[in-house]
Each structure stands twice: as structure tokens, then as C-alpha cells.
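A look at the structure
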Amino acid sequence: MERFKNDPEGKLFLKKYLEDKGYQVDIPTNPYSCFDLVASKNGKAFVFELKMRNCDSREYGDSIVELDKIKNLKLLDFEKGTKSYIVNFFTDCFHVHPIDTYCDI
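Cut-offs used in this document
Residues numbered from 1 in each chain as written. Predicted model: local features only at pLDDT ≥ 70, side-chain atom pairs only at ≥ 80, totals over all residues. Heavy atoms only, no water. Helix = DSSP H or I, 4+ residues; strand = E, 2+ residues; numbered from the N terminus. Buried < 20%, exposed > 50% of the residue type's maximum accessible area, 1.4 Å probe, protein only. Areas by Shrake-Rupley, 256 points an atom, 1.4 Å probe, with all protein chains shown as cover. Expected span 1.5 Å × (residues − 1). Arc of directions from axis to C-beta. Contact = heavy atoms within 4.5 Å. Salt bridge = Lys/Arg side-chain N within 4 Å of Asp/Glu carboxyl O. Phe/Tyr/Trp six-rings, centres within 6.5 Å; stacked < 30°, edge-to-face > 60°. Pairing = 2+ DSSP bridges.

Moving on to the overall build of the chain. A tally of regular secondary structure across the chain gives two helices and five strands. Reading the helices (α) and strands (β) of the chain from amino to carboxyl end gives α-β-β-β-α-β-β. A buried classification covers 34% of the 105 residues belonging to the chain. When the accessible surface of the chain is summed, it comes to about 6700 Å², and 51% of that surface belongs to carbon and sulfur atoms.

Structural data, given as C-alpha cells:
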């Protein structure tokens, strides 16, 4: 997998990936949003926070997210019933995992 040149490229990749799986996807226009993408399917909403990594997944296979973002996403899940995910784009692959799980790739 080639490294994306910027965050918008990663967002567009994930948007198309999810749409191909039948999700309706929106990218928030608010630059201060605690997430990068929202998708819905079968009446359920999912939010995604994307992280671009400049390394191979075998180098640092963990997930680094700011504590404030984790708190805000968990609050959003609690208040709105969404399910939040972290998406790590490495130079060799991408990985998606729920915000409330430990990730070790």
C-alpha cells in the first residue's frame, strides 16, 4: 500500500472502501470534529478517526490517539449510540479497530 500524501487522500480512500461495502459515508466539514468520517448502514452509525503512520505496520504496530479524542469519541458513542473506530494507515496496510479495544498489530 502506498503512503497517502495527505489526510484528505486517506479519507477519500476509506470513504470509497466503505461505500463499496454498502455504507453511506460523509466527511465532516468542521475541522474541529473529533472524528474524520461518519458512515451508516442498516440504521447504525459508525465514526472513524484516521491516523497516518510513516512506517510499516511491523515497526510500530500499536495505535496512538490523543486522550481527549478517545474521551470525546467514547462520549459520542454513549450519547448518540454510535460506534467509534480508529483507522491506522501504515505504509504497507491499513488497520481498523474499535476505539475501546487495545490494539497490537
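What follows deals with helix 2 (residues 67–80). When the terminal C-alpha atoms of helix 2 are compared, their 20 Å separation across 14 residues agrees well with the 20 Å that a helix rising 1.5 Å per residue should span. Taken together, the buried positions of helix 2 are Leu-73, Leu-76 and Asp-77. End-on view of helix 2: buried residues confined to an arc of 100 degrees, all on one side of the axis. Helix 2 presents Leu-67, Asp-68, Phe-78 and Glu-79 as exposed residues on the side facing more than 90 degrees away from its buried surface. At its buried positions, helix 2 is contacted by strand 3 (44–52) and strand 4 (83–89).

So, on to the pattern of salt bridges. Two side chains that carry opposite charge are able to pair once their charged atoms sit near each other. Summed over all chains, the structure comprises seven salt bridges. When the shortest N-O distance is used, the salt bridge between Lys-15 and Glu-19 registers 2.6 Å. On the criterion of helical spacing, the pair formed by Lys-15 and Glu-19 is a turn pair, its members being four residues apart in helix 1 (residues 7–19). Residue Lys-16 pairs with Asp-20 through a salt bridge whose shortest N-O separation is 3.0 Å. Residues participating in the shared-partner salt-bridge network are Glu-49, Lys-51, Glu-66 and Lys-69.

Right, let's talk about the environment of Phe-90 for a bit. As for its placement among the helices and strands, Phe-90 is situated in the loop between strand 4 and strand 5 (94–98). Residues Phe-90 and Ser-57, 33 residues apart in the sequence, show an inter-C-alpha distance of 5.6 Å.

This brings us to the packing of aromatic side chains. The full count for this structure, using the stated rule, is eight aromatic pairs. One aromatic cluster in this structure is built from Phe-13, Tyr-17, Phe-89 and Phe-94.

When strand 4 meets strand 5, the two strands line up antiparallel, connected through five bridges. Paired with Val-87 across the two strands is Val-96, which belongs to strand 5. Connecting strand 4 to the antiparallel partner strand 5 that follows it, the hairpin turn spans four residues.

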